[in-house]
Amino acid sequence: MSTTVTREEIEQRVFKALEEFGAEPDQINPDAEFESMDVDSLDLVELAQIVEDEYGVQLKGEDMEGVKTVRQAVDLVMSKLG
Amino acid sequence: MNGRPDGCALVTGASRGIGAAIAKALASEGWPVGVNYRSDADSAEAVVKEIVDAGGRAVAVQADISDADAADALFKRLEDELGPVLVLVNNAGVRADGLSPQIDDDDWQKVIDTNLSAAFRLTRRALRPMIRGRFGRVVNIASIVGAERANPGQANYAASKAGLVAMTKTVAAEVARRGVTVNAVAPGLIETDMTEDIGDGLLQLVPARRPGTPDEVAACVRFLVSQDAGYVTGVCLTVDGGLTA
């Protein structure tokens, strides 16, 4: 896939997804924990689908283990984009 | 269609019997339908023709759903031709009857593969766009044989169908808040090719004193797929003329 995607773009995409999942916009920031935003396991599954559909990055269940914040999620996607 | 999202329905094993009736019922509700079949192309085309002649849209799609690679190809083809699959009816099923001491591994596996594992794989594939689209309907055609009732000679079939009901309930709970419902329909004695060798003995136990028709099963599916059934999920709707009442 394209390696021209920037970190900012991915972060913005994650923010947008979190809003769709019902997180309060003023709570969304890179270090916010998913749990504190009421983002649950199904939301994270959908987030993984979005990332796969839009960036071609496959995130498996084990990849997502331990991912608790937006920053960690974006790090994970960036590392997979290589 | 009351704001229903655009997409199509996939009915597995739809060249005849209950599957054909379901395909026609969903088409009459305005769903473009993928009529899946494994080997009987002529019958599948006849179902398609009937739907098209009645003003609906349908395509016949060959796939042996017990083949693990078949699901993705099947979905891609439908997505290209009819749009995203928003309704999945896991109807394809097989029997390989025998008393338990005589059911060999192949007959056990074949029935589990088609009736349970394939239904799961197709459901897993279908859920992705359904979850993202905030709408979806999965209906699994189970049986009263299994969770509801024993039928000697069908240990493999009963296990597959009971498993299908358990899967239905679990997946339903997982995805309910995305507007995706997952339900089962459990037919009793229904007049089809698959049941023609099941004798009159069982019929005498049916309070309705007659076998059901494929259309009567299809009517239940039609309801579960409808917008009206948006709050119905994780249930197994029995249609058996009172046999398990």
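About the cut-offs
Residues numbered from 1 in each chain as written. Chains lettered and ligands numbered in written order. Predicted model: local features only at pLDDT ≥ 70, side-chain atom pairs only at ≥ 80, totals over all residues. Helix = DSSP H or I, 4+ residues; strand = E, 2+ residues; numbered from the N terminus. Rg over C-alpha atoms; globule rule 2.2 N^0.38 Å. Buried ≥ 20, exposed ≤ 12 C-beta atoms within 10 Å, placed from the backbone. Contact = placed C-beta atoms within 7 Å. pLDDT = per-residue confidence, 0-100. Pairing = 2+ DSSP bridges. Right-handed = clockwise from strand over helix to strand, strands pointing away. Core = buried A, V, L, I, M, F, W, Y, C linked by C-beta atoms within 7 Å. Axes fitted to C-alpha atoms, helices over the stretch in contact; angles between N-to-C directions.

**What about the overall build of chain A?**
Summing up its helical and strand segments, chain A has four helices and zero strands in all. In chain A, the succession of α and β elements from N to C terminus is α-α-α-α. Relative to the 2.2 N^0.38 estimate, which gives 12 Å for 82 residues, the radius of gyration of chain A is 12 Å and therefore close to what a compact globule would have. Expressed along its principal axes, the backbone C-alpha trace of chain A runs to roughly 30 × 25 × 20 Å. Looking at chain A residue by residue over its 82 residues, the buried ones come to 22%. Sequence separation of 24 or more characterises 52% of the internal contacts of chain A that already satisfy a separation of 6 or more.

**Description of the overall build of chain B**
Scanning chain B from N- to C-terminus turns up seven helices and seven strands. In terms of C-alpha radius of gyration, chain B reaches 17 Å, essentially the compact-globule figure of 18 Å for 245 residues. Reported as C-alpha extents along the three principal axes, the dimensions of chain B are approximately 50 × 35 × 35 Å. The buried share of chain B, taken over its 245 residues, is 47%. Within chain B, residue pairs in contact and separated by at least 24 positions form 69% of the contacts whose partners lie at least 6 positions apart.

**Some thoughts on the confidence of the model for chain B**
Per-residue confidence for chain B gives a mean pLDDT of 95; residues scoring 70 or more make up 98%. What the predictor reports for the complex is a pTM of 0.93 with an ipTM of 0.82.

**Section: the pairing of strand β2 (residues 33-37) of chain B**
Consecutive side chains along a regular strand alternate between the two faces of the sheet. All names here are of chain B. With five of its five residues buried, β2 lies for the most part within the structure. Along β2, one buried face is formed by Val33, Val35 and Tyr37 and the opposite face, lined by Gly34 and Asn36, is buried too. Pairing analysis gives three bridges linking strand β1 (residues 8-11) to β2, with the strands arranged parallel. Directly across from Val11, in β2, lies its bridge partner Val35. For the crossover from β1 across helix α1 (residues 17-28) to β2, the handedness is right-handed. Bridge count for β2 against strand β3 (residues 58-62) is five bridges, and the pairing is parallel. Pairing of Tyr37 across the sheet is with Gln62, part of β3.

**Description of the nonpolar core**
Core analysis: the biggest nonpolar cluster contains 74 residues, and B:Ile22, B:Ala23, B:Leu26, B:Val33, B:Val35 and B:Val221 have the highest contact counts within it. Top contributing element to this core by residue count: helix α4 (residues 105-133) of chain B, with nine residues. Contacts of B:Val35, omitting those with residues within four sequence positions, involve B:Val11, B:Ala14, B:Ser15, B:Ala23, B:Ala44, B:Val47, B:Val48, B:Ala58, B:Val59, B:Ala60 and B:Val61. With 17 residues, the next largest nonpolar core counts A:Met37, A:Leu47, A:Val57 and A:Val77 among its residues.

**What about the environment of A:Gln72?**
Residues and elements named next belong to chain A. Relative to the helices and strands, Gln72 resides in helix α4 (residues 70-81). On the basis of neighbour counts, which here come to 16 C-beta atoms within 10 Å, the residue Gln72 falls in the partly exposed class. As a C-alpha pair, Gln72 and Glu9 span 63 residues in sequence and 15 Å in three-dimensional space.

**Section: the sheet that holds β3(B)**
Residue and element names in this part refer to chain B. Spatially, the seven strands line up as an open sheet ordered β3-β2-β1-β4-β5-β6-β7, and their pairing is parallel. Of all strands in the sheet, those bounded by a partner on one side alone are β3 and β7 (236-239). Averaged over all pairs of adjacent strands, the angle between strand axes in this sheet comes to 20°, irrespective of strand direction. Summarising the sheet, β1 and strand β4 (residues 85-90) pair through four bridges and their orientation is parallel. If you follow Ala9 over to β4, its bridge partner there is Val87. Sitting on the sheet, α1 is in contact with β1, β2, β3, β4, β5 (136-141) and β6 (180-187), with an inclination near 170° to β1.

**Some remarks on the environment of A:Ile28**
Residues and elements named next belong to chain A. Relative to the elements of secondary structure, Ile28 occurs in the loop between α1 (7-20) and α2 (41-55). Taking C-alpha positions, Ile28 is 9.6 Å from Val14, a pair spaced 14 residues apart along the chain. Discounting chain neighbours no more than four positions away, the residues touching Ile28 are Phe15, Leu18, Glu19, Ala23 and Met37.

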